[in-house]
Amino acid sequence: MLPPVRLWTWGVALLFAFGPPSASARDLDQDQALRLRQEGVIQPLEQLVQNALGRYPGARLLEAELEEEHGIYVYEVELLTASGVVRELELDARDGRLLEDEEDD
């Protein structure tokens, strides 16, 4: 069995070798999102949120964020439906296409 210091060292080495588990997605800040919108790369968040809310009449927006996943810009939108269920939707930020819609645990 390795001493605790060596275990920690191996853990850090593995983290740097393979990266953190969520390395495939990165959050974009407001300035980056605005630049992408002005360049016409992504659609306005407001437009896509309205489409998402249309899927669940009476739902309320809880959270929205823009991420880049595997070279694709994705809006992650969390909604609270009228029945009290939290839904997480992933939308392609370029064309608004629904990529994923699931109940959030």
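Residues numbered from 1 in each chain as written. Predicted model: local features only at pLDDT ≥ 70, side-chain atom pairs only at ≥ 80, totals over all residues. Heavy atoms only, no water.

Novice: Would you mind showing me how to read the pairing of strand E3 (residues 72-80) here?
Specialist: Regular strands place side chains that alternate from one sheet face to the opposite one. Burial of E3 is extensive: seven of the nine residues sit out of reach of the surface. Here nine bridges tie strand E2 (residues 60-69) to E3, and the two strands are oriented antiparallel to one another. Directly across from Leu61, in E3, lies its bridge partner Leu79. Two successive antiparallel strands, E2 and E3, enclose a turn made up of two residues, where His70 displays a positive phi of approximately 55°. Judged from the seven bridges that link them, E3 and strand E4 (residues 86-92) form a sheet pairing that is antiparallel. Within E4, the residue paired with Leu79 across the bridge is Arg87. Hairpin remark: E3 followed by E4, antiparallel, with five residues in the connecting loop; positive phi at Gly84, about 90°. (Buried < 20%, exposed > 50% of the residue type's maximum accessible area, 1.4 Å probe, protein only. Helix = DSSP H or I, 4+ residues; strand = E, 2+ residues; numbered from the N terminus. Pairing = 2+ DSSP bridges.)

Novice: Quick question: what am I supposed to make of the layout of surface pockets here?
Specialist: The method is simple in principle: a probe with the dimensions of a water molecule rolls over the atoms, and the space it marks as empty is what remains. Approximately 240 Å³ is the volume found for the largest pocket. Gln30, Ala33, Leu45, Leu66 and Tyr75 are, among the 14 residues lining the largest pocket, the residues nearest its centre. Listed by contribution, the elements that provide at least two residues to the lining of the largest pocket are helix H2 (30-38), helix H3 (45-55) and E2. No other element matches H2, which puts four residues into the lining of the largest pocket. Per-class residue counts for the lining of the largest pocket are nine nonpolar, one polar and four charged. (1 Å grid on protein atoms, 1.4 Å probe; cavity = no way out; pocket = protein on both sides within 12 Å on 5 of 7 lines; lining within 4 Å. Points joined across faces, edges and corners; volume = space filled by probe spheres on them. Nonpolar A, V, L, I, M, F, W, Y, C, P; charged D, E, K, R; others polar.)

Novice: Could you clarify how one ought to interpret the pairing of E2 in this entry?
Specialist: In this structure, strand E1 (residues 25-27) lies alongside E2, joined through three bridges in antiparallel fashion. Residue pairing in the sheet places Asp27 in a bridge with Glu67 of E2.

Novice: Would you take a moment to explain the pattern of salt bridges for this structure?
Specialist: Pairs can form between side chains of opposite charge once their charged atoms are near each other. Tallying each qualifying case throughout the model produces seven salt bridges. Residue Asp92 pairs with Arg97 through a salt bridge whose shortest N-O separation is 3.0 Å. Overall, Asp92 belongs to the buried group, its relative accessible area being 0%. Take Arg97: its relative accessible area is 44%, and that puts it in the partly exposed class. Connected through salt bridges with shared partners, the residues Asp92, Arg94, Asp95 and Arg97 form a single ionic network. (Salt bridge = Lys/Arg side-chain N within 4 Å of Asp/Glu carboxyl O.)

Novice: What exactly am I supposed to notice about H3 here?
Specialist: Residues separated by three or four positions in an α-helix point in the same direction, a consequence of the helix having 3.6 residues per turn. Within H3 the residues assigned to the buried category are Leu48, Val49, Ala52 and Leu53. Taken down its axis, H3 places every buried residue within 140° of arc, on the same side. Turned more than 90 degrees away from the buried face of H3 sit Glu46, Gln50 and Gly54, all of them exposed. Those residues of H3 that are buried lie in contact with E2, E3 and E4. (Arc of directions from axis to C-beta. Contact = heavy atoms within 4.5 Å.)

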